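What the coordinates show
Read off the chains here:
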Number of protein chains: 2
Amino acid sequence: MSLRSRVAIVGAGMVPFGELFEQSYEDMAVGAFRAALADSRAAREDIEAAWLGTFRQAQSTGASLVDPLRLYPRPCTRVENACATGADAFRNAVFGVASGAYRLVAVAGVEKTRDRGPREGMQGLAEGGRHPIWATGLTTPGYFALYATRHMKMHGTTREQMARVAVKNHRNGAHNPYAHLRFEVTLDRVLNAPQVASPLGLLDCCPTTDGAACLLLAHESVARKYSEEPIWVAGLGQGTDTLWFGQKPDYTGFQATRQAAHDAYAMAGVGPGDLDVAEVHDCFTITEIINYEDLGFCPPGDGGKHIESGAPDPDGDLPVNPSGGLKSRGHPIGATGVAQLCELTWQLRGRADKRQVPGARTGLAHTLGGAGQVSNVTILQGET
Amino acid sequence: MSLRSRVAIVGAGMVPFGELFEQSYEDMAVGAFRAALADSRAAREDIEAAWLGTFRQAQSTGASLVDPLRLYPRPCTRVENACATGADAFRNAVFGVASGAYRLVAVAGVEKTRDRGPREGMQGLAEGGRHPIWATGLTTPGYFALYATRHMKMHGTTREQMARVAVKNHRNGAHNPYAHLRFEVTLDRVLNAPQVASPLGLLDCCPTTDGAACLLLAHESVARKYSEEPIWVAGLGQGTDTLWFGQKPDYTGFQATRQAAHDAYAMAGVGPGDLDVAEVHDCFTITEIINYEDLGFCPPGDGGKHIESGAPDPDGDLPVNPSGGLKSRGHPIGATGVAQLCELTWQLRGRADKRQVPGARTGLAHTLGGAGQVSNVTILQGET
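Residues numbered from 1 in each chain as written. Chains lettered and ligands numbered in written order. Predicted model: local features only at pLDDT ≥ 70, side-chain atom pairs only at ≥ 80, totals over all residues. Heavy atoms only, no water.

Moving on: the overall build of chain A. When helices and strands are counted, chain A shows 12 helices and 11 strands. Long-range contacts, defined here as pairs at least 24 residues apart, represent 77% of the contacts in chain A between residues at least 6 apart. When the accessible area of chain A is evaluated, it comes to approximately 12100 Å², of which 50% is carbon and sulfur surface. Put simply, chain A has 36 plus and 41 minus side-chain charges, and the middle of one group is 3 Å from the middle of the other. (Helix = DSSP H or I, 4+ residues; strand = E, 2+ residues; numbered from the N terminus. Contact = heavy atoms within 4.5 Å. Areas by Shrake-Rupley, 256 points an atom, 1.4 Å probe, with all protein chains shown as cover. Lys, Arg positive; Asp, Glu negative; His and termini not counted. Charge placed at Lys NZ, Arg CZ, Asp CG, Glu CD.)

Right, dumping it as structure tokens:
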């Protein structure tokens with residue numbers, strides 16, 4: 001897979017994530033969009049089309065974005081793909097630009113998870129998905145807890161190793177002005193937190209968070225018109241898997257991630273060893289450990305040892321989640337994939353302040369939806 | 001706007017629309033996909049990616065399609081864009097192919113509207129949308145009824161003219177084995193049907209319908225490998241509008257349609273006079289009348305006279321909805337836009353049986369979402 005045109009990120013903006021009861025869905029969308037515009041040389045009138053990533057139904061169409069942004073009558077597609085929603089909205093926006101259809105587009109991920117209308121009252125994250133196969137009593141933490149126990153059984157992974165993911169990501173996120181949970185945690189605190197779904201405790205789980213993030217994407221022919229620091233889309237991949245839990249070949253990894261990573265690495269012509277920084281989907285601490293393996297950062301089964309080795313630390317061989325990840329920045333579902341790419345954009349420009357990975361030129365972002373039913377991997381590169 | 005590569009439809013398939021209580025969502029998806037495969041020379045293994053158009057939330061991610069079709073681990077994006085959902089899934093799939101990312105992809109529109117789970121019990125079509133602005137007591141028929149009364153007031157449009165749309169589309173649909181309501185209606189029956197939202201009666205409204213439709217799209221480099229009769233995507237356009245009913249400049253037309261049509265005509269390099277056949281969004285009879293105007297089939301305000309003139313009849317200057325349209329074929333929301341393109345594919349191949357428009361070479365499909373918040377226009381051309 002290769003694209004016929006190069007596509008660049010020419011603007012990145014977010015609203016600080018959190019429990020944003022004081023902001024409407026539209027407020028958050030406008031805030032992120034304005035920040036992205038301010039980060040570029042583009043004006044609102046230059047935007048030719050838009051993509052919206054929103055998971056929950058109450059905000060449901062392209063007009064939910066172009067109305068508050070006053071972008072109508074320009075086109076806008078709403079994409080939904082579980083927790084990969086934002087990343088997949090980005091992927092489709094890249095296709096729109098690479099196809100030649102548009103020169104400058106906006107992609108926004110926007111999500112309210114804390115305050116919801118009465119019709120959505122029963123659709124909390126803990127309730128899990130809505131496909132009949134989910135109706136087995138298993139919540140989302142329950143699914144990932146099953147992966148954790150299997151990983152512990154097969155590979156000797158420990159609760160301490162999982163807790164180290166939380167310690168690292170909270171330490172990173174404490175420096176991130178966009179993060180929801182800006183506090184550090186100790187290993188003891190993680191290990192002694194109330195249990196959610198054994199072996200996962202409260203601090204093994206990402207929070208439920210409101211937020212919005214926005215990127216402006218430009219065709220190579222106009223990228224430098226809109227930014228002095230374009231960041232290039234080098235690789236894109238998406239993988240999927242069956243919805244049926246009982247049909248998976250194993251419960252220690254995610255086929256969707258492996259497929260997405262394979263395709264993204266192939267398109268970018270790089271491998272895990274070429275990466276300088278990664279933002280991965282740590283919805284639970286065990287997920288980040290599994291991601292290390294599925295993304296090729298370490299051999300299969302070695303994810304627990306990998307976090308212990310310090311390689312994913314800010315001064316390690318391949319820093320993972322310098323933003324704090326979902327664990328600390330939070331997980332406003334449709335916004336998460338876009339926020340990861342905002343973070344990478346800033347990292348690859350060398351403008352990530354206290355969380356900067358020195359000299360980062362190539363970065364990878366990874367999202368995982370449902371209990372592994374979909375994954376997107378995106379590889380970005382700065383100017384060379 | 002122009003695409004860097006040409007994209008062709010190389011397979012089209014549907015399940016007959018109706019009240020399909022005996023088929024699951026997955027049954028319908030598989031049925032349409034198998035029909036599309038059988039209509040092409042492609043095998044399931046050749047499909048490199050997929051797009052799913054589904055409006056309702058219960059079937060919510062790309063995996064909802066790739067799981068029953070056994071296409072995983074290949075990518076799949078779910079698009080939602082109100083009643084333009086299927087057409088916009090198609091648009092994004094075209095971008096995916098034209099970008100160079102994929103050579104052969106599937107796009108499916110799948111929708112259950114008749115039997116729904118308990119969580120969706122309050123989310124009927126008549127209830128309207130879910131944005132707060134809809135919470136004014138207005139149902140979808142109510143919105144379009146306001147357009148009807150305004151059109152009557154401004155342009156002298158009559159209930160008889162609207163009823164003629166129903167008579168024409170039911171007559172067309174009676175020949176369509178894929179149509180939900182395969183019966184003819186008389187002018188008297190339409191005019192004397194129970195009132196839904198004045199001036200719209202029951203037979204001015206499309207039914208609520210279950211169904212699925214699927215298309216296979218190929219890059220120009222492989223189109224003839226997969227079909228002896230590729231049908232080419234000549235033009236694509238999408239327009240949007242504000243969600244706020246009170247902010248529209250007028251209530252006799254849809255800005256989203258006008259924008260979508262403008263862009264699609266420009267990309268295809270054709271005008272309304274070049275069209276041989278059209279499938280338009282007749283969710284209500286007044287909508288088809290307004291569409292004539294917004295799509296340039298007749299001057300603004302003349303939609304009522306246009307249906308009276310017989311121009312949209314099967315033997316008229318520009319036959320509209322030879323399939324029966326939403327009015328007769330039915331309106332399984334996410335499937336509608338894809339079904340229109342199936343019909344055009346068959347028309348442009350000369351294989352539409354009793355509903356064939358003789359010698360059709362250029363066709364237009366149009367969908368309209370919400371009360372005009374989004375519209376997609378697609379122009380297809382047969383081999384020249």
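Text resumes after the structure shown.
It is common to report an interface's size as the accessible area lost on association of the parts. On the side of chain B, 59 residues touch chain A, which itself brings 59 residues to the contact. With both chains or domains summed, chain A and chain B bury close to 4800 Å², and 43% of this area falls on carbon and sulfur atoms. If you look at where chain A meets chain B, you find 2 salt bridges. Two residues, R78(B) and E80(A), come together in a salt bridge whose shortest N-O distance is 2.3 Å. Run the count over chain A and chain B and you get 34 residue pairs in polar contact (both at pLDDT 80 or more). If you list the elements that add at least two residues to the side of chain A that touches chain B, you get β2 (49-53), α2 (63-66), β3 (76-80), α3 (85-98), β8 (231-240) and α8 (255-268) of chain A. With 6 residues, α3(A) is the single largest residue contributor to the side of chain A that touches chain B. (Buried area = accessible area lost by both parts, 1.4 Å probe. Salt bridge = Lys/Arg side-chain N within 4 Å of Asp/Glu carboxyl O. Polar contact = N/O pair within 3.5 Å; in protein donor to acceptor, adjacent residues only side chain to side chain.)

Residue and element names in this part refer to chain A. Per the counting criterion, the structure on display carries 35 salt bridges over all chains. R114 is paired through a salt bridge with E19; the nearest N and O atoms lie 3.3 Å apart. Of this pair, R114 sits in the loop between β4 (104-111) and α4 (140-155) while E19 is found in the loop between β1 (7-14) and α1 (25-38), placing the two residues 95 residues apart along the sequence. A salt bridge links E228 to R41, with the shortest nitrogen-to-oxygen separation between them at 3.1 Å. Remark: R41 occurs in the loop between α1 and β2 and E228 occurs in the loop between α7 (223-226) and β8; sequence separation between them is 187 residues. Using a relative accessible area of 67% as the deciding quantity, one classes E228 as exposed. (Buried < 20%, exposed > 50% of the residue type's maximum accessible area, 1.4 Å probe, protein only.)

We now examine the nonpolar core. Soluble, globular proteins show a tendency: their nonpolar side chains are buried together. If you look at the biggest cluster of nonpolar residues, it comprises 80 residues, and the most contacted ones within it are F90(A), L217(A), F90(B) and L217(B). Those residues in contact with F90(B), other than ones at most four positions away along the chain, are I9(B), V107(B), L215(B), L217(B), V233(B), L236(B), L341(B), T378(B) and L380(B). (Core = buried A, V, L, I, M, F, W, Y, C linked by side-chain atoms within 4.5 Å.)

Before going further, it helps to spend a moment on the relation of the copies chain A and chain B. Mapping chain A onto chain B calls for a rotation angle of 180° and an axial translation of 0.0 Å; the resulting RMSD is 0.0 Å. Between the two chains, the operation in question is that of a two-fold axis. Taking C-alpha positions as the reference, the residue of chain A nearest the rotation axis is S99(A), at 1.9 Å. Counting the interface residues of chain A, we find that 100% of their copies in chain B are interface residues as well, pointing to one common contact surface. (Least-squares fit on C-alpha atoms with pLDDT ≥ 70 in both.)

Residue and element names in this part refer to chain B. The end-to-end C-alpha separation of helix α1 (residues 25-38) is 20 Å, in line with the 20 Å expected for 14 residues at 1.5 Å each. Within α1 the residues assigned to the buried category are Y25, M28, A29, V30, A32, F33, A36 and L37. In this structure, the buried side of α1 is in contact with β1 (7-14), β2 (49-53), α2 (63-66), β4 (104-111) and β7 (211-219). (Expected span 1.5 Å × (residues − 1).)

Residues and elements named next belong to chain A. Its location among the elements puts S323 in the loop between α10 (303-309) and α11 (325-329). One polar contact links the side chain of S323 to the main-chain amide nitrogen of G325, over a distance of 2.9 Å. A distance of 3.0 Å separates polar atoms of two side chains, one belonging to S323 and the other to R329. Ignoring any residue separated from it by four or fewer positions in sequence, one finds S323 in contact with G173, N176, E279, R329, E343 and R355.

Moving on: the side chain of T367(B). All names here are of chain B. Within the secondary structure layout, T367 lies in strand β10 (residues 362-369). Since its relative accessible area comes to 1%, T367 is described here as buried. Each residue touching T367, except ones within four places of it in the same chain, is listed here: C83, A84, A87, H281, G337, Q340, V374, S375 and N376.

With that out of the way, let us pick up unusual backbone geometry. Cis geometry is adopted by the peptide bond preceding P73(B), which originates at Y72(B) and carries an omega value of 15°. Within the fold, P73(B) resides in the loop between α2 and β3 (76-80). Of the consecutive residues S198(B) and P199(B), the connecting peptide bond is found in the cis state with omega at 10°. Of note in the backbone geometry, N321(A) takes a positive phi value of approximately 60° without being a glycine. With respect to the helices and strands, the residue N321(A) is situated in the loop between α10 and α11. Phi is positive for D353(A), close to 50°, though the residue is something other than glycine. Structurally, the position occupied by D353(A) is in the loop between α12 (333-349) and β10 (362-369). A residue is classified by how much of its surface remains accessible, and D353(A), at 62% relative accessible area, is exposed.

Our focus in this paragraph is the packing of helix α4 (residues 140-155) of chain B against helix α9 (residues 285-294) of chain B. Residue and element names in this part refer to chain B. Direction vectors running N to C along α4 and α9 enclose 60°, while the axes themselves pass 9 Å from each other. Judged by the angle between their axes, α4 and α9 are oblique. By crossing handedness, the relation of α4 to α9 is classed as left-handed. Touching F144, Y147, A148 and H151 of α4 are I286, T287, I289, I290 and E293, all from α9. (Axes fitted to C-alpha atoms, helices over the stretch in contact; angles between N-to-C directions. Parallel < 35°, antiparallel > 145°, perpendicular 65-115°, else oblique. Left-handed = near helix turned anticlockwise from the far one by under 90°.)

Right, let's get into the packing of helix α5 (residues 159-173) of chain A against helix α9 (residues 285-294) of chain A. Residues and elements named next belong to chain A. Interhelical geometry of α5 versus α9 gives an angle of 95° and a closest axis separation of 8 Å. Judged on the interaxial angle alone, α9 and α5 are roughly perpendicular. On α9, the residues touching Q161, M162, V165, A166, K168 and N169 of α5 are T285, I286, E288, I289 and Y292. In the contact of α5 with α9, the residues fall into 6 nonpolar, 3 polar and 2 charged. (Nonpolar A, V, L, I, M, F, W, Y, C, P; charged D, E, K, R; others polar.)

This part covers the pairing of strand β11 (residues 374-381) of chain B. Residue and element names in this part refer to chain B. In terms of burial, β11 is largely enclosed, as 7 of its 8 residues are buried. For β10 and β11, the ladder comprises 8 bridges, and the chain directions are antiparallel. Of the residues in β11, the one forming a bridge with L368 is S375. Adjacent in sequence and paired antiparallel, β10 and β11 are bridged by 4 residues, among which G370 carries a positive phi angle near 60°. (Pairing = 2+ DSSP bridges.)

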